[in-house]
Amino acid sequence: MHLIHPMVVKVGIPVLLVLLVVLHILRRKIKYRGGIKAANTSFVKELSIYKTRSRMHFIASILLEICIITSLVAGLFLVARPAKKETVNNGTKKRDIFLCMDVSYSIYELNAELVDSLEDVVAGLDGDRFGVCIFNTSTVLYVPMTDDYDFIISRLEDIKEYFALQKEYMDKYYNSSTGYLEYDYDEYDDFKEMQEKLDYYDAGTLVSNYTKGSSLIGEGVASCMYSFPRLDDEDRTRIIILSTDNAEEALGKPLVELDEATDLCKKNSIKVFGIFPDKESWSGMNTSDYEDDEQDLKANVSKTGGKFYKQSESLSVDDIVADIEREEALEVEEVTITKIVDQPMIPVIVMIISLSCMLIVGLVIRI
């Protein structure tokens, strides 16, 4: 720990000591003058209550003086700004990984399984930066790129609740034969309550969905790509883990199609690892063809240099992570940054204790 403005203490404490000496000298020289004189005070001074009060007043005066001096010294240290230096190394030979999830209600089972498995993976990361984007009609940067793994895991825990709510909602109220949500009159309150909870998560991912449609895969991938920090001027290994059923339900031409988004990823040296649901998880909500969507996603992720995975009992997220770790991490320049962090806690505590003692002593004197 060091002081940012040490001269405040170096000059302030000697000045304070000089003032104290001067005040003590003046106090001894100044005698009481004027007023009404009292006779026979020696009798009063011999009383035990007088002696007790006199002793208490003397001790209280000493304590008050100590508290005042301590408070002033603590104040000087606060003005001098006690701080510590921290050296942080930025830039290592690591990867940037984005989890990009299609959160339309047709794919909640795949997303829930993926997030659950990735929590352990994130906990085991060492230096790799990780981020999360979720999209449907529009994209939300759910976790900006960071190496704060505790924060990432807490956010993944939150979004697991979202997928659990999606599952409960669809299991209870979606009729796959009619394609509509159905509920009994006595279930209406529970239905509305669940819908309100889902609206909290859906709000950012369904912007203009009545006019644009849903599951805009290309826009989701492109938005995720542009969420990488310093995309143009920093050379890093960048990877997108994309979970989607690739069943786009656009009501018009999207701003970016999937093939255009993967072209952009290829141009920026970003590899896409795509995870596709199995046939059993394929939702009856989708109006597209399962095989066509599978082949389209496979072709698009392959051209970026990434890999295509299909949900199955044999597929493990550990296998996907192992493939990602085989991707060579690019060397990045190491930058050492020295940060100065203020450390005011000790002087503040000393000052609070001193002021509290002054208050207590003052109250005792008045009793």
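Everything quoted here is computed from the prediction, not taken from an experiment.

Reading the values: the criteria
- Residues numbered from 1 in each chain as written.
- Predicted model: local features only at pLDDT ≥ 70, side-chain atom pairs only at ≥ 80, totals over all residues.
- Heavy atoms only, no water.
- Salt bridge = Lys/Arg side-chain N within 4 Å of Asp/Glu carboxyl O.
- Helix = DSSP H or I, 4+ residues; strand = E, 2+ residues; numbered from the N terminus.
- Buried < 20%, exposed > 50% of the residue type's maximum accessible area, 1.4 Å probe, protein only.
- Patch = residues over 30% accessible without salt bridge, like charges linked within 9 Å, V, L, I, M, F, W, Y side chains within 5 Å.
- Areas by Shrake-Rupley, 256 points an atom, 1.4 Å probe, with all protein chains shown as cover.
- Lys, Arg positive; Asp, Glu negative; His and termini not counted.
- Charge placed at Lys NZ, Arg CZ, Asp CG, Glu CD.
- Polar contact = N/O pair within 3.5 Å; in protein donor to acceptor, adjacent residues only side chain to side chain.
- Contact = heavy atoms within 4.5 Å.
- Axes fitted to C-alpha atoms, helices over the stretch in contact; angles between N-to-C directions.
- Parallel < 35°, antiparallel > 145°, perpendicular 65-115°, else oblique.
- Left-handed = near helix turned anticlockwise from the far one by under 90°.
- Nonpolar A, V, L, I, M, F, W, Y, C, P; charged D, E, K, R; others polar.

How would you sum up the pattern of salt bridges? Please name residues and give values.
Scanning the model with the defined rule gives 14 salt bridges in all. The shortest N-O distance in the salt bridge between Glu-193 and Lys-197 comes to 3.9 Å. One end of the pair is Glu-193 and the other is Lys-197, both in helix H6 (residues 188-202) and 4 residues apart, which spans about a single turn. Put simply, Glu-294 and Lys-310 hold a salt bridge, and the shortest N to O gap is 3.5 Å. Separated by 16 residues along the polypeptide, Glu-294 in helix H10 (residues 290-303) and Lys-310 in strand E12 (residues 308-310) bring together distant segments of the chain. The class of Lys-310 is partly exposed, set by a relative accessible area of 35%. One salt-bridge network, held together by shared partners, links Asp-116, Glu-119, Glu-157 and Lys-160.

Can you explain a negative patch on the surface? Please cite residues and give values.
A cluster of acidic residues, Asp-259, Glu-260, Asp-289, Asp-292 and Asp-296, forms a negative patch on the protein surface. Looking at the negative patch, the elements that each hand over two or more residues are helix H9 (258-267) and H10. Positionally, Asp-296 belongs in helix H10.

Hey, could you go over the side chain of Asp-128 for me, with residue numbers and the actual values?
Within the secondary structure, Asp-128 is located in the loop between helix H4 (108-123) and strand E4 (129-135). Within the structure, Asp-128 has its side chain in polar contact with the backbone nitrogen of Arg-95 (distance 2.8 Å). When neighbours within four sequence positions are excluded, Asp-128 is seen to be in contact with Lys-94, Arg-95, Thr-146, Asp-147 and Tyr-149.

Provide a residue-level description of the packing of H4 against helix H5 (residues 149-173), including the pertinent values.
Across the interface, H4 lies against H5 with an axial gap of 9 Å and an inter-helix angle of 160°. For the element pair H4 / H5, the angle class is roughly antiparallel. Relative to H5, H4 is oriented so that their crossing is left-handed. Between H4 and H5, the residues in contact are Tyr-108, Glu-109, Asn-111, Ala-112, Val-115, Asp-116, Glu-119, Val-122 and Ala-123 and Tyr-149, Ile-152, Ile-153, Leu-156, Glu-157, Ile-159, Lys-160, Phe-163, Gln-166, Lys-167, Met-170 and Asp-171, respectively. Within the contact of H4 with H5, the residues separate by chemical class into 12 nonpolar, 2 polar and 7 charged.

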